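Summary of the model geometry
The chain contents come next:
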Amino acid sequence: MTSLLKEIYEKTAEYTAFYTGGDIQWTADGVHLLCQCEDVIKVVDVNTFSTSHIIGETEEDGEPDQIYTFQMSHSNNLVLTAHKSGLMKLWDRETGLQKKVWRSGHKGPVARLVFDPIDENVASGGSDGNIRLWDLTHNTCTSSLRGAMGVFSVLKYHPDLSKQLIFGAADDTKIRSWNSKNGKEHVIYSGHFSKITSLQFTSDGEHMISSGRDRVLILWKINESKAIRVLPVYESIESTVLLPSTFKIPNFKKKSETEGIYVACAGEKGIVKVWNVLMSRLMFEQNNSLVSPASEEGGLAITFLLFNELRNVLSVVTADHNIIIHDLETFECKKQLIGFTDEVLDIIFVGKEERHMVVATNSQDLKYYEIDNMNCEILKGHTDIVLALACFPTKPEMFVSSSKDNSVRIWRQDAEKGVTCIGVGSRHTASVGSVSTSQTSNDFFASVSQDNCLKVWGVPKEFIATDQKIKSTYTELAHQTDINCVSVSPNDKIIATGSQDKTAKLWSEELTLLGVLKGHRRGVWCVRFSPVDQVVLTSSADSTIKLWSIADLSCLKTFEGHGSSVLKIEFLSRGQQILSSGADGLLKLWNIKTSECKMTLDNHDGKVWSLAINKSENIVITGGSDSKLVKLNDVTAEKREQMAKEREQVILQEQELMNLLHDKQLIKALRLALRMERPKHVLKIVNEVLKDGSVKLSETLKEINHTQKETLLKFAAEWNTNNKNCHAAQLVLNILAPEIISGHLKVPSLASFLEGALPYTERHFERLTNLLQDLNFITYTVNCMQPHVTSQ
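Cut-offs applied
- Residues numbered from 1 in each chain as written.
- Predicted model: local features only at pLDDT ≥ 70, side-chain atom pairs only at ≥ 80, totals over all residues.
- Heavy atoms only, no water.
- UniProt positions renumbered as here; feature names shortened; annotations may be inferred.
- Helix = DSSP H or I, 4+ residues; strand = E, 2+ residues; numbered from the N terminus.
- Phe/Tyr/Trp six-rings, centres within 6.5 Å; stacked < 30°, edge-to-face > 60°.
- Buried < 20%, exposed > 50% of the residue type's maximum accessible area, 1.4 Å probe, protein only.
- Expected span 1.5 Å × (residues − 1).
- Polar contact = N/O pair within 3.5 Å; in protein donor to acceptor, adjacent residues only side chain to side chain.
- Contact = heavy atoms within 4.5 Å.

Looking at the Subcellular location (unreviewed entry) heading of the UniProt record, one finds this comment for the protein: "Nucleus, Nucleolus".

Shown next, in the form of structure tokens:
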């Protein structure tokens, strides 16, 4: 039975944030996204979701220098960044190596950067209302453009190099243009009444379209200050994309003779719309959006639209850092990338083969991942943060979620339709913090809430439609303070709850109180039933885990080891072990019989809220407040096999060593003993050689290589601490001294060699002092050895 116990889990994968807000750009080939992530830019492969390399990473000892904004060159070879320190840095996009660095010269942060059409010059727009133009070849400022007021929100060169124009818009809501060669102001475009968010130039180079948070699109002629057309779009626009002259979108066939300037825009409402600006007509409105509208008027739902002409796809970047890629022709969702998950609150495996997992984060949307490639699908339904998840063991394609919106939802996984919400229960009057499902059927589940109520919900046999209303069959005021957790026993006969009142309670199926478990000094975070024994496990904010008898409600054992609250616990190995996670960021594996902690893993930088184990218990996935998902694999069997092989190898080597010593093959024996790192055997061999004199030892040491000689010197330092063995140690040092002085042998522990029972005569001391003078050890040696000499 002992062989079934787990001993070690090893981290095999880690999924961290790659986009935490700020600028984002797409390479022309559609392969990589450049995403701002805290203090760096991560280059993410769109196909594999992996980070290929990082731009702007500081050295280990260096101070992080926050990136305010960045811009990629038109050739996609260079990336320009503006930093908190006031520096501007030029990087090689493909390698991430820094090429140039210079000071921006702005009085305040740089808000916008832009390359000219041929990537020879760049412009920086600051929060001081100034634009500075830079020659990249010489890193010199060629011009300073003034006139705007406030922070720049838009900065663009005109795509036609011959026009030599640069456009900028700041807090004064005016679009200004300057001649990029002589710095003179060209035209001022007044029409917007709020922040200008984007500027697009038409293919003919004679017109431009601007958008703003004042809910309009404006069409301008480049050389005229008066707007040609103002198009109301009835929402704050954050980003626009000018579509190519030939394109396809659903339910719209563009006739070749139809004139128009087609602009895709998005913002407050979370949907993409395509307008014909020339005709003031809405041509397309998205009806399959995965983005929730902004909670407040004028708020943000979509922050960027990115169009890749080569792949004919439109990417939507949301305010909560999700990247959703749509095929432009059909507008179907092709991929979803989760740039930043925020806090991971709960995780469950879903499906019979457990190839998928559902993750609840600090969001109203659920993330449904394919574990092998981490392809994600966003599940919409809840209207506030989802707090907890639970899967039905008898029907693993069905699971339950609970939320701060006071509701519980039942979801079903379908091979064709994906995951859909099939049932909604909304009888709680406060946030629903935990759910637990029936273990022997899929007829009911339990939930607990901040309204201090425990509810049991019936699951309908058949679901007629999506979002079908479900009813609670039993309700009980279970505790007087917030209830943190609920769990259903393996036979469905008992329900356990844990609360901030420091107790856990046991309830019958009809919610009759069976007993109270008292003993924790702080609130109970998690409660679990053993799969085989009549015991229940609780974890608490008092940093302990307790094992209780269901029969007499007594505490059988207390496990101490976590440094703060123990947030999640699970039984392993048929109830013989416990896996726990805590607010100290640690994951611990316990043996119940011995009360021993077998393993501690520190993979998280904050609270580990969630812990999911698959049925075979060979995969564990953890998530926490650091926005990290960590995948662990059980490597106990592999480690045992490896240790068995190593033991077998050692036994064979020891037998071989004995045979060599018996046959007086001392050189081979010495090499093997050094390779096995056996100081006693090496000493025995050296003494055996010394019986024939030091000359014989000198000849023997010539037969071993440098690495073996260094190991021998390390052993000699150990022997030298014993008076009986110092003679052999000093002979080894004397023989190898020429190689040490010449630098062929590097002996970092040579100083420690002299700290033990060193020479007992002035003559020996003198000889070694001369030897070490060449090695710059003289000062240290005299200081540490003088007491030995004077005492003789």
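**Examining the UniProt feature "repeat: WD" (unreviewed entry) in the protein**
The sites that carry the UniProt feature "repeat: WD" (unreviewed entry) are, in the present numbering, residues 103-144, 189-230, 379-411, 476-508, 517-558 and 559-600. Taken as a whole, residues 103-144 contains 0% helix and 55% strand, while its terminal C-alpha atoms sit 14 Å from one another. Within residues 517-558, the helical portion is 0% and the strand portion 57%, while the C-alpha atoms at the span's ends are 13 Å from each other.

**Describing the packing of aromatic side chains**
Under the defined criterion, the tally for this structure stands at 10 aromatic pairs. Plain terms: the ring middles of Phe-399 and Trp-411 are 6.2 Å apart, the flat faces sit at 10 degrees to each other, and that makes the pair stacked. With Phe-399 in strand β35 (residues 395-403) and Trp-411 in strand β36 (residues 408-414), the pair connects residues that are 12 residues apart, well separated along the chain. Under the relative-accessibility criterion, Phe-399 is labelled buried at 0%. Of the residues examined, Trp-411 reaches a relative accessible area of 2% and is grouped as buried. Ring geometry for Phe-559 and Trp-590: centres 5.7 Å apart, planes at 65 degrees, overall edge-to-face. Here Phe-559, found in strand β50 (residues 555-560), pairs with Trp-590, found in strand β53 (residues 587-591); they are 31 residues apart in sequence, far enough to count as distant.

**Things to note about helix α5 (residues 706-719)**
Taking 1.5 Å per residue as the helical rise, α5 with its 14 residues ought to reach 20 Å, and the 20 Å between its terminal C-alpha atoms agrees with that figure. Those residues of α5 lying buried are Gln-708, Lys-709, Thr-711, Leu-712, Leu-713, Phe-715, Ala-716, Ala-717 and Trp-719.

**Thoughts on the side chain of Asp-346**
With respect to the secondary-structure elements, Asp-346 resides in strand β30 (residues 344-350). From its side chain, Asp-346 meets the backbone nitrogen of Leu-389 in a polar contact 2.9 Å long. Filtering out sequence-adjacent residues up to four positions away, Asp-346 remains in contact with Val-358, Val-359, Ala-360, Leu-387, Ala-388, Leu-389, Lys-568 and Ser-610.

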